[in-house]
Amino acid sequence: MIVLFTDFGLTGPYTGQMKAVLIRHAPAIPVVDLFADAPAFQPRLAAYLLGAYFGAVPRDGVLLGVIDPGVGTDRLPLVVRADGRWYVGPDNGLFELVMRRAAAVEEAVEAWTIDWRPERLSASFHGRDLFAPVAARLALGEPVPGTPVPVERVRRPDWPDDLGRVVYVDVYGNVLTGLRAAALGDEVELEAGGRRITRARTFGDVPVGQALWYENSNGLAEIAVNQGRADSLLGLVVGDEVRIVG
Amino acid sequence: MIVLFTDFGLTGPYTGQMKAVLIRHAPAIPVVDLFADAPAFQPRLAAYLLGAYFGAVPRDGVLLGVIDPGVGTDRLPLVVRADGRWYVGPDNGLFELVMRRAAAVEEAVEAWTIDWRPERLSASFHGRDLFAPVAARLALGEPVPGTPVPVERVRRPDWPDDLGRVVYVDVYGNVLTGLRAAALGDEVELEAGGRRITRARTFGDVPVGQALWYENSNGLAEIAVNQGRADSLLGLVVGDEVRIVG
Amino acid sequence: MIVLFTDFGLTGPYTGQMKAVLIRHAPAIPVVDLFADAPAFQPRLAAYLLGAYFGAVPRDGVLLGVIDPGVGTDRLPLVVRADGRWYVGPDNGLFELVMRRAAAVEEAVEAWTIDWRPERLSASFHGRDLFAPVAARLALGEPVPGTPVPVERVRRPDWPDDLGRVVYVDVYGNVLTGLRAAALGDEVELEAGGRRITRARTFGDVPVGQALWYENSNGLAEIAVNQGRADSLLGLVVGDEVRIVG
């Protein structure tokens, strides 16, 4: 399986062109859209989101991750192996949390820079021209078309283990943070949008219209409002600070 | 084929995570998105929409329907067999019109509650954790992992055969009602948004900017405006009343 | 592979119903969404967009193109063979630029009107009822269910080779024109939204907040703003004029 994690948005031809390349190279491999609206141009925020959602990729599957504000510059194209999964995308920290979570449970992590170049490489769309063909090859079990690099060279050791920022706002207006709920106590309150928010197990545990935070189905601390939209009630957008208090 | 009918929205990881589960369990079964924006949290409205669109599912195919405001409560997980098709989702009336339409043509209707539980069942995402694995099994021809229940136990006999409500607004601003056009005469007018609307065969039969209602390609009475948006002209949103007059 | 190019939008059941038909007829053929938001009801604008993006379709693949404001009138249903690819859709000019680009490099171009009709043909959804079954047949290698017509009968010789109009606005607010960049010199400026815009190689070549035009990854002249949205800064929407100056 090849799983897509991009900021291409839902409209327009970007995801479709990339899928057409994947299918041309690997017709028998299913392709799944995980996020097409990961934090645009913000690989650091996106890294914490991916760190909670990579489980959608099966073992030996490929995560094709394209949040790539540096396309056309000299940032390196990267392949990472972590948790028994492949990750393909730019070397800008997007895979930092995936590598860190794997390293924390003593799983082997490996990295390669991609040496292969297509005949025609556009300046602005390496997702289609470079990363997709490499992802297809890996999904087919072919060797990495690149050179091993020491993992330390592509890590971001100064980034925190959990990030007190909004990393995603979902279709219901729920606000996903870069904080793992399991790292926080039951008594912990979050402060965001000028309010303090207490933990609950589920929406129904608080009155209608009240904000709460809870552990979402992927383990992140998520802020919601019972029968309302947390993003508009609290005025929160991707990138905003979320502080741990209490 | 597995066909998806949900209120997950187009953005975010919900549909993608569910598809990843389906593909992991049943890699050879194609998955088709029918609606990702069925009436959110409103299984009754959604039921009338599904009652007109289930034909996209082939015989022996599976409709995975997740409009599930009661997730995490004690509402039962359900499998229904009607029209030679499988339906998997919560027991909240979502499949009522499908069962009713099948029963009306004397097709057999059967129902089961799902006994199987996954190793890890999140509180908020049974679509991914419970319903998707069951849908995959049924698509593979495996037996229902549940207990038969008398169909009467999961029916909603008090619901009307046709619903005078807006059940969907499409991308062009056309307004789908829960009324079947065949149940209405040619002289019938609809009243919605404070206006009376006459029937026409197609857009071009009325002047530019005028509202009409007609039988849409799935048999529902649909309100539209020639070269305009009916939703904004008439101020209609999902759930609004549509009255039969004249 | 069957590639979709429509104005059905992302929401609603239209694309899903069409895919369900494709998969029922040709279960082993992958289907890719290229554009679901091509210029709505405007086949002429859409034709210039398609003329730049058809390369996503592999040789012997099928492009199913449905921008069909004339559905229900007497416009003919069409199959075109150009560039070794199949095109299926309405005879309204949508495939003009594809045919013209192929003819320009002396590739054979052929056309057929579709004679086959389904048992049930809705008045408003030929994409699902007529074009999708034909696309599936062609993808399976079956003969065209139609009658050859002289290509001149379905061409639009009066249309220009390049179109000075906005043909698409992407998710980032970038503005795609119907002008091929290769047809324009480096010194050429574009005038749109009341401003003159100079060419650059990439975003970073101009100051933050400034507009530029450049050759996009599919060869079109595209107007963008470094770290901004060109559509809102310049007040541009699909169909607006873009003049070549300087």
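Trainee: When you look at the relation of the copies chain A and chain B in this model, what are you seeing that I'm missing?
Mentor: One copy of the chain maps onto the second through a rotation about an axis and a displacement along it. Of the two same-sequence chains, chain A is brought onto chain B (RMSD 0.0 Å, axial shift 0.0 Å) by a rotation of 120°. Look at the turn and shift together and you get a three-fold axis relating the two. Among all residues of chain A, the minimum C-alpha distance to the rotation axis is found for Leu 10 of chain A, at 4.5 Å. Mapped onto chain B, only 5% of the interface residues of chain A again fall at the interface, so the copies present different surfaces.

Trainee: What is the right way to look at the sheet that holds strand E9 (residues 175-180) of chain B in this model?
Mentor: To summarise the sheet geometry, strands pair through backbone hydrogen bonds and adopt either a parallel or an antiparallel arrangement. Residues and elements named next belong to chain B. With antiparallel pairing, the four strands of this open sheet are ordered in space as E8-E9-E13-E12. Two strands close off the open sheet at either side, each with one partner strand: strand E8 (163-169) and strand E12 (211-215). Going from strand to strand, the sheet's axes swing by 30° on average, the running direction of each strand aside. Where E8 meets E9, four bridges bridge the pair, whose relative direction is antiparallel. Counted as the bridge partner of Val 169 is Val 175 from E9. Contacting E8, E9 and strand E13 (220-225), helix H2 (residues 43-53) runs over the sheet at an angle of about 80° to E8.

Trainee: Whenever I open this one, the pattern of salt bridges confuses me. Can you help?
Mentor: Side chains that differ in charge, positive against negative, can pair when their charged atoms come close. Inspection of the entire model under this criterion finds 42 salt bridges over all chains. Of the charged contacts in the structure, one is a salt bridge between Lys 19 of chain B and Asp 33 of chain B, with a shortest N-O distance of 2.6 Å. With Lys 19 of chain B in helix H1 (residues 14-25) and Asp 33 of chain B in strand E2 (residues 31-35), this pair connects stretches of sequence that are 14 residues apart. Judged by its relative accessible area of 28%, Asp 33 of chain B is partly exposed. Its salt-bridge partner being Glu 189 of chain C, residue Arg 196 of chain C comes within 2.9 Å of it at the nearest N-O pair. When salt bridges with common partners are traced through the structure, they connect Glu 96, Arg 100, Arg 155 and Asp 161 of chain A into a single cluster.

Trainee: I keep staring at the environment of Ile 114 of chain A and nothing clicks. Help me out?
Mentor: Residue and element names in this part refer to chain A. With respect to the helices, strands and loops of the structure, Ile 114 is situated in strand E6 (residues 110-114). In this structure Ile 114 comes out as buried when scored by relative accessible area, which is 3%. Taking the C-alpha atoms as reference, Ile 114 lies 5.5 Å from Pro 77; in sequence the two are 37 residues apart. Residues in contact with Ile 114, not counting those within four places in the same chain, are Pro 77, Leu 78, Val 79, Val 88, Leu 130, Phe 131, Val 134, Pro 145 and Gly 146.

Trainee: Where do I start with the interface of chain C and chain A in this structure?
Mentor: Where the parts come together, the accessible area they lose is often given as the size of the interface. At the junction of the two partners, chain C supplies 19 residues and chain A supplies 20 residues. Counting every contact that joins chain C to chain A gives zero salt bridges. Connecting chain C to chain A are eight residue pairs in polar contact (both at pLDDT 80 or more). Of all the elements, strand E2 (residues 31-35) of chain C adds the most residues to the side of chain C that touches chain A, at four residues. Residue composition of the side of chain C that touches chain A, grouped by class: twelve nonpolar, three polar and four charged.

Trainee: Looking at this structure, I do not really get the interface of chain A and chain B. What am I missing?
Mentor: In this complex, chain A contributes 19 residues to the contact, which on the side of chain B involves 20 residues. Summed over both partners, the interface of chain A with chain B comes to about 1,700 Å²; 61% of that surface belongs to carbon and sulfur atoms. Linking chain A with chain B are zero salt bridges. Between the two partners, chain A and chain B, sit eight residue pairs in polar contact (both at pLDDT 80 or more). Counting residues per element, the side of chain A that touches chain B draws most heavily on strand E2 (residues 31-35) of chain A, at four residues. Class assignment of the residues belonging to the side of chain A that touches chain B gives a composition of twelve nonpolar, three polar and four charged.

Trainee: Looking at this structure, I do not really get the side chain of Arg 101 of chain C. What am I missing?
Mentor: All names here are of chain C. Of note, Arg 101 is situated in helix H3 (residues 96-104). As a buried residue without a salt bridge, Arg 101 has its nearest oppositely charged side chain in Asp 162, at a separation of 4.5 Å. When residues no more than four places from it in sequence are discounted, the contact partners of Arg 101 are Gly 51, Asp 161, Asp 162 and Arg 180.

Trainee: I would appreciate a short explanation of helix H3 (residues 96-104) of chain A in the present structure.
Mentor: Helical periodicity: at 3.6 residues per turn, an α-helix aligns residues three or four positions apart in one direction. Residues and elements named next belong to chain A. Most of H3 is tucked away: seven of the nine residues are buried. Among the residues of H3, those classed as buried are Glu 96, Leu 97, Val 98, Met 99, Arg 100, Arg 101 and Ala 102. Residues of H3 that are buried make contact with helix H2 (43-53), strand E4 (77-82), strand E5 (85-90) and strand E9 (175-180). Residue Glu 106 follows H3 closely and has a positive phi angle near 60°.

Trainee: How do you make sense of a nonpolar patch on the surface when you look at a structure like this?
Mentor: Among the surface-exposed residues, Leu 10 of chain A, Leu 10 of chain B together with Leu 10 of chain C lie close enough to one another that they form a single nonpolar patch of about 210 Å² accessible area. Locating Leu 10 of chain C in the fold gives a position in the loop between strand E1 (2-6) and helix H1 (14-25).

Trainee: Quick question: what am I supposed to make of the confidence of the model for chain A here?
Mentor: Should pLDDT be low for a region, the predicted coordinates there are not to be read in detail. Averaged over every residue, the pLDDT of chain A is 95; residues scoring 70 or more account for 100%. Across the interface, the model reports ipTM at 0.94; the global pTM reads 0.95.

Trainee: Looking at this structure, how should I read the sheet that holds strand E10 (residues 189-192) of chain C?
Mentor: Residues and elements named next belong to chain C. Strand order in the open sheet formed by three strands is E11-E10-E14, with antiparallel pairing between adjacent strands. The outermost strands of the open sheet, each flanked by one partner alone, are strand E11 (195-197) and strand E14 (243-245). Each strand of the sheet is rotated relative to its neighbour by a mean of 35°, with strand direction disregarded. One ladder, built from three bridges, connects E10 with E11; its direction is antiparallel. Counted as the bridge partner of Ala 192 is Arg 195 from E11.

Trainee: It is not clear to me how the relation of the copies chain C and chain A should be interpreted in this structure. Could you clarify?
Mentor: For these two chains of identical sequence, chain C goes onto chain A by a turn of 120° and a shift of 0.0 Å along the axis, with RMSD 0.0 Å. Taken as a fraction of all interface residues of chain C, those also at the interface in chain A reach only 5%, which identifies the copy contact as different-surface.

Trainee: Is there a simple way to think about the packing of aromatic side chains in this case?
Mentor: For the structure shown, the criterion picks out 33 aromatic pairs over all chains. When the ring of Phe 8 of chain C is compared with that of Tyr 14 of chain C, the centres are 6.4 Å apart and the planes differ by 65°; the resulting orientation is edge-to-face. What makes Phe 8 of chain C buried here is its relative accessible area of 6%. Among the aromatic residues, those joined into a ring-pair cluster are Phe 8, Tyr 14, Phe 41 and Phe 125 of chain A together with Tyr 172 of chain C. Over the ring of Trp 159 of chain B we find Arg 44 of chain B; its NZ or CZ atom is 5.6 Å from the centre of that ring. If you follow Arg 137 of chain C out to its NZ or CZ, it ends over the ring of Trp 116 of chain C, 4.9 Å from the centre.

Reading guide: rules and limits
- Residues numbered from 1 in each chain as written.
- Chains lettered and ligands numbered in written order.
- Predicted model: local features only at pLDDT ≥ 70, side-chain atom pairs only at ≥ 80, totals over all residues.
- Heavy atoms only, no water.
- Least-squares fit on C-alpha atoms with pLDDT ≥ 70 in both.
- Contact = heavy atoms within 4.5 Å.
- Pairing = 2+ DSSP bridges.
- Helix = DSSP H or I, 4+ residues; strand = E, 2+ residues; numbered from the N terminus.
- Axes fitted to C-alpha atoms, helices over the stretch in contact; angles between N-to-C directions.
- Salt bridge = Lys/Arg side-chain N within 4 Å of Asp/Glu carboxyl O.
- Buried < 20%, exposed > 50% of the residue type's maximum accessible area, 1.4 Å probe, protein only.
- Polar contact = N/O pair within 3.5 Å; in protein donor to acceptor, adjacent residues only side chain to side chain.
- Nonpolar A, V, L, I, M, F, W, Y, C, P; charged D, E, K, R; others polar.
- Buried area = accessible area lost by both parts, 1.4 Å probe.
- Lys, Arg positive; Asp, Glu negative; His and termini not counted.
- Patch = residues over 30% accessible without salt bridge, like charges linked within 9 Å, V, L, I, M, F, W, Y side chains within 5 Å.
- Areas by Shrake-Rupley, 256 points an atom, 1.4 Å probe, with all protein chains shown as cover.
- pLDDT = per-residue confidence, 0-100.
- Phe/Tyr/Trp six-rings, centres within 6.5 Å; stacked < 30°, edge-to-face > 60°.
- Lys NZ or Arg CZ within 6 Å of the ring centre and 35° of its normal.

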